[in-house]
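# Analysis of the macromolecular model
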Amino acid sequence: MKPKGWRELPPGSVVTEPGSAARFKTGSWRTFKPVWVPEHCIQCLFCWMYCPDMAIKVKDGKREAFDYDYCKGCGICARECPGKKGQKAIIMVEEGK
Amino acid sequence: MAKVVAVTGNEAVANALRQANPDVCAAYPITPATDIMQRFSGYVADGLVKTELILVESEHSAMSACVGASAAGGRVITATSSQGLALMWEILFIAAGDRLPIVMPLVNRALSAPINIHADHSDGMGARDTGWVQLWSENAQEAYDNTLQAFRIAEHMDIRLPVMVCLDGFIISHCIERLEYLEDDEARRFIGEYTPLHPLLDVEHPVSYGPLILSDLYMEYKRVQHEVMAGVSKIVLDVAAEFERISGRKYGLFESYRLDDAEIALVILNSAAGTAKDTVDEFRARGIKAGLLKPRLFRPFPYQGVADALKTVKAVCVMDRADSFGGFGPMHMEIASALMMNGGKPALINKIYGLGGRDFLPEHAEHVLSELNDIAKGGKVRTFKEYIGVKE
Amino acid sequence: MATGPSLKELSKKEELFTHGHRMCSGCGAPIIVKQLLLASDYPIVASNATGCLEVSTCISEYTAWKIPWIHNAFENAAATLSGVEAMYRSLKKQGKIAKEIKFVAFGGDGGTYDIGFQSLSGAMERGHDMLYVCYDNGGYMNTGIQRSSATPIGTDTTTSPAGSVVKGKMQQRKNLTRIMAAHGIPYVAQASPAHWRDAVVKFKKALEITGPKFINVIAPCNRGWRSSTDDAILLSRVAVDTCYWPLYEVEHGVTKINYIPKEKRPVEEFLRPQGRFKHMFAPGNEWLIALFQDEVDREWERLNREAHGEAPGKL
């Protein structure tokens, strides 16, 4: 794709498409990947609240799958997950394994 | 119906700002510009303008607040001098780069150190590469007229750049002159309503101002700025033509005073031009073909026009009221560039005068014109650059 | 402490800060932004000082912000926003805007405690109706971990390295929250992203108050703190439990501590997981930890006296 020439630039470098960062997929940054174990999930939504990258989809008040397009693999969700009866609902697994 | 008044330059500029009726004004005091903001604050207190006044805690915050307010979507002003302009220096580039039509009277005052509160052009000259449009004013009438026109130039949809209107500190800002005001409704009709572009306050269409731009696109953005600036002269002339129709006063990109057949010429800005014109008249009366060129639009500089205006001149002296130490004064370098465009090569010399408010007297103009006359008649250039009026 | 909305309720709100931003993996700052935007029931216009948050969320044509947002320079998020807010007041008075809009400035500790201090103080003093949120990660992180006045004592940073002669930053950190409270503004608070409910309630409360407000939020930076990418929330919690980062409010001059740890933890629990404090555990450097602990204790006691007029007590 031909890069923009000077004539095609927005005046004053103002970005007019709100949330356009969503076109930039940060999932490739990961070295570890969170895996959701629904049987141990109490749907507390802590993982959703603490995720710095909004990589956990929630629908009708319930968490769904990870959005691996954006998840950077920080592991905060796994760390904070209370799990059920001592078993976490999120475990970190090395990418590519 | 014009209103004839006797007012100072600051008063006249403040009145123009009142007629423009901006939405927001950021104000911080500094001699000799303080009075503009003081008067304006009086207008606010008496309900004569709709302006929200932000009494900021520094000039850096003044220009920062202007950027925020302008991006928010309305007409914005401030005013300053010297150290105040120097303090807001980094934000000036941002205002221009973000394409925000802020209008700012600049009451020209020397830069420290040593600290000096009087007129010279070091402040405005230091800001010449900021991307702001610069209009320079010989007297209070020009300062008033330029301020009104500044809004039209800044807010023009093809331009949308900040504009500073320069006038000499104390000499013009504080001295009373006879001048003519436009009636309020005339001035308002001329200035018109403000049209926002990408206002922050339009929450339905969120925009982001000030992204990080890396080496892949920064240069392209600057190319755009150059292109926009290159289109300013035409707008300045269009606005001046419209202004002439309502005021009877004619403005161009510069003033050519007796230059048509001039063989020697001074190039000089602001109030000292007034003094020098009298001396030019005296030389003309003695049969010497003297002339004077007074730039009005300094940024973007009208190189070709100036080159054409100086085409008959054999010896030119550029009078700078600012210096680039160890080299030539700032306006000298502009004129040298202009003269290169036509290929002709008059002798070109540079004099630095009036720094820190040092008076520029008719005898100084006389001394320079005499020197130019000698050079034009085949004499050699004694020195290319000299300070005049200095205690030896 | 009021209960505020549940996570389920919050999860149904529109996301106004998107993924695709380029903040480091595990950074505390985007969590704070998310919490503030979820807490708000009003449209918000934001300004942002130069720094990690600004530079990573708006690059070229990519912006993570779905609200109007302006970055101007490093030291003027508050001054810039005061201009936006003044324009809003002007246009509202002229009848050109009817909507109720709220104004939030974001700045890191560098752009707030140090270079942005004047601009912040000026904006707060003038009484603009705006909220300033500082995400305090204790250093100039964007430029590669240099000390700021928010950096705690003894910290190893690139401009205050723990060397053989000088063992890290030798000044106690500036108590900016207290300085802002001294401005006499209607609302000042400290919050932590781990204590999300407390944070959300504070953001909500602040946005309902008219006038200048300041909220200081601890924002762990695993790069600058040399901690683990997954411990931002954990370290925020420990920061609160050691009383290094007390959760409190000063509302119209009245101090209220929002959380008293059941057991005040020793500061070592906060220091040990962070590489920037590693040298403090070397033999002979115990005095550094003691200095750190003393200051935490001193401020905790002072805060309690201010809140209760007596020694640490009940809520």
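If you're wondering where the values come from, they're calculated on a predicted model, not measured in any experiment.

The secondary structure content of chain A amounts to 2 helices and 4 strands. Reading chain A from its N end, one meets helices and strands in the order β-α-β-β-α-β. Since a compact globule built from 97 residues should have a radius of gyration of about 13 Å, the 18 Å found for chain A marks it as more spread out than a globular shape. Taken along its principal axes, the extent of the C-alpha atoms in chain A is 60 × 35 × 15 Å. For chain A, the residues scored as buried account for 42% of the 97 residues in total. Taking contacts inside chain A between residues at least 6 apart in sequence as the whole, the part at least 24 apart equals 64%.

The next point concerns the confidence of the model for chain C. With 97% of its residues at a pLDDT of 70 or more, chain C shows a mean pLDDT of 96. Across the interfaces of the predicted complex, the ipTM metric reaches 0.96, alongside a pTM of 0.95.

As a further point, take the interface of chain B and chain A. Contact residues are listed per partner, giving 16 residues for chain B and 10 residues for chain A. Elements that contribute at least two residues to the side of chain B that touches chain A include exactly β9 (208-209) and α9 (218-230) of chain B. Broken down by element, the residue count for the side of chain B that touches chain A peaks at 4 residues, all from α9(B). Grouping the constituent residues of the side of chain B that touches chain A by class yields 7 nonpolar, 3 polar and 6 charged.

So, about the interface of chain C and chain B. Listed by partner, the interface residues are 38 residues for chain C and 39 residues for chain B. Those elements that provide at least two residues to the side of chain C that touches chain B are β1 (44-48), β2 (58-59), β4 (69-71), α4 (77-93) and α6 (117-126) of chain C. A per-element tally of the side of chain C that touches chain B places α4(C) first, with 12 residues. Here β9(B) runs beside β4(C); their pairing, made up of 2 bridges, is parallel. Of the residues in β4(C), the one forming a bridge with Tyr209(B) is Ile70(C).

Ordered by their spatial adjacency, 9 strands build an open sheet running β9(B)-β4(C)-β1(C)-β5(C)-β6(C)-β8(C)-β7(C)-β9(C)-β10(C), and the pairing between neighbours is mixed. A single partner strand is all that each edge strand has here, and the edge strands are β9 of chain B together with β10 (254-257) of chain C. In terms of strand pairing, strand β7 (residues 187-191) of chain C meets strand β9 (residues 248-251) of chain C through 3 bridges, oriented antiparallel. Directly across from Val188(C), in β9(C), lies its bridge partner Val250(C). Here helix α8 (residues 196-208) of chain C sits on the sheet in contact with β5 (102-108), β6 (131-136), β7, β8 (213-218) and β9 of chain C, set at roughly 165 degrees to β7(C).

Calculation rules
Residues numbered from 1 in each chain as written. Chains lettered and ligands numbered in written order. Predicted model: local features only at pLDDT ≥ 70, side-chain atom pairs only at ≥ 80, totals over all residues. Helix = DSSP H or I, 4+ residues; strand = E, 2+ residues; numbered from the N terminus. Rg over C-alpha atoms; globule rule 2.2 N^0.38 Å. Buried ≥ 20, exposed ≤ 12 C-beta atoms within 10 Å, placed from the backbone. Contact = placed C-beta atoms within 7 Å. pLDDT = per-residue confidence, 0-100. Nonpolar A, V, L, I, M, F, W, Y, C, P; charged D, E, K, R; others polar. Pairing = 2+ DSSP bridges. Axes fitted to C-alpha atoms, helices over the stretch in contact; angles between N-to-C directions.

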